[in-house]
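Each chain, letter by letter, is given below.
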Amino acid sequence: MKFAVIVFPGSNCDLDMYHAIKDELGEEVEYVWHDETDLSKFDAILLPGGFSYGDYLRCGAMANQSNVMSEVVKAAEAGKPVLGICNGFQVLTEAGLLPGALLRNKNLKFMCRTVDLQVVNNETQFTSQYKKDEVIQIPIAHGEGNYYCDEETLASLKANNQIVFTYASENPNGSLEDIAGIVNEKGNVLGMMPHPERASNDIMGGTDGLALFKSIVKQWRETHVNHA
């Protein structure tokens, strides 16, 4: 399976993502610069954390204007798995691939620590290797991770089981309904504020995030290799 790690000016978690895929997962991965106009050779698209374009205007707003984003949208529409972490989540909301928005943390401070996440939905291609309601420890590092959407959107997220992760023991940023990660209606686009790529090796403090990437590979192999 071949992963693309999209790199915007200001991305700073692309190295962590590359390491998780190549060294911990053992799959193919390439860095892809933001001006790329063809992602067809990749099986999965990863949008890393960081401060794309310095987070000017709104977080992810300028990144969404990059050439590569039309290809990310095309990949999502084709059913390929697309994962946006932290700033990548913000980019996905700006692109309209996920509903809602990420606001300033409630305490107006940058938060950087490990938190407990609950796996609310383990029936997605990103979470099949977790148990339902399993509590995992994943690091956060963000200043604008406060998820918000209107009541109609929230009702839709709940009805379609699109809420994938919630903050378990504490809500660090004020997110609506403790939301930490959501998928689109089709289930192939996941956005989350916590960093699973930073929980992929015991040396880094734990491996609870690795199952997310293993889930992606498992789904891909079941749908592609077994039907080849």
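Residues numbered from 1 in each chain as written. Predicted model: local features only at pLDDT ≥ 70, side-chain atom pairs only at ≥ 80, totals over all residues. Heavy atoms only, no water.

Named according to an unreviewed UniProt entry, the chain is Phosphoribosylformylglycinamidine synthase subunit PurQ originating from Psychrobacillus insolitus. Entered under Subunit (unreviewed entry) in the UniProt record, the comment concerning the chain runs "Part of the FGAM synthase complex composed of 1 PurL, 1 PurQ and 2 PurS subunits." Word for word, the UniProt comment on the chain under Pathway (unreviewed entry) is "Purine metabolism; IMP biosynthesis via de novo pathway; 5-amino-1-(5-phospho-D-ribosyl)imidazole from N(2)-formyl-N(1)-(5-phospho-D-ribosyl)glycinamide: step 1/2." (UniProt positions renumbered as here; feature names shortened; annotations may be inferred.)

### Details of the sheet that holds strand 11 (residues 189–192)
Strand order in the open sheet formed by 9 strands is 2-1-3-4-11-10-9-6-7, with mixed pairing between adjacent strands. Each of the sheet's edge strands pairs with one partner strand only, and the pair in question is strand 2 (28–33) and strand 7 (135–142). Adjacent strand axes in the sheet meet at a mean angle of 25 degrees when their direction is disregarded. As paired strands, strand 10 (residues 179–183) and strand 11 are joined by 3 bridges and run antiparallel to one another. For V183, the partnering residue across the bridge sits in strand 11 and is L190. On the sheet, helix 2 (residues 68–77) packs against strand 1 (2–7), strand 2, strand 3 (44–47), strand 4 (82–85) and strand 11 and is oriented at approximately 130 degrees with respect to strand 3. (Pairing = 2+ DSSP bridges. Helix = DSSP H or I, 4+ residues; strand = E, 2+ residues; numbered from the N terminus. Axes fitted to C-alpha atoms, helices over the stretch in contact; angles between N-to-C directions. Contact = heavy atoms within 4.5 Å.)

### A few points about the UniProt feature "active site" (unreviewed entry) in the chain
The UniProt record annotates "active site" (unreviewed entry) at C86, H195 and E197. What stands out for the annotated residues spanning 112 residues is how close their C-alpha atoms remain, the widest pair being 11.1 Å apart. Within the fold, C86 resides in the loop between strand 4 and helix 3 (87–94). Apart from the residues lying within four places of it in its own chain, the contact partners of C86 are G49, A141, H142, M192, M193 and H195. With respect to the helices and strands, E197 occurs in the loop between strand 11 and helix 5 (210–225).

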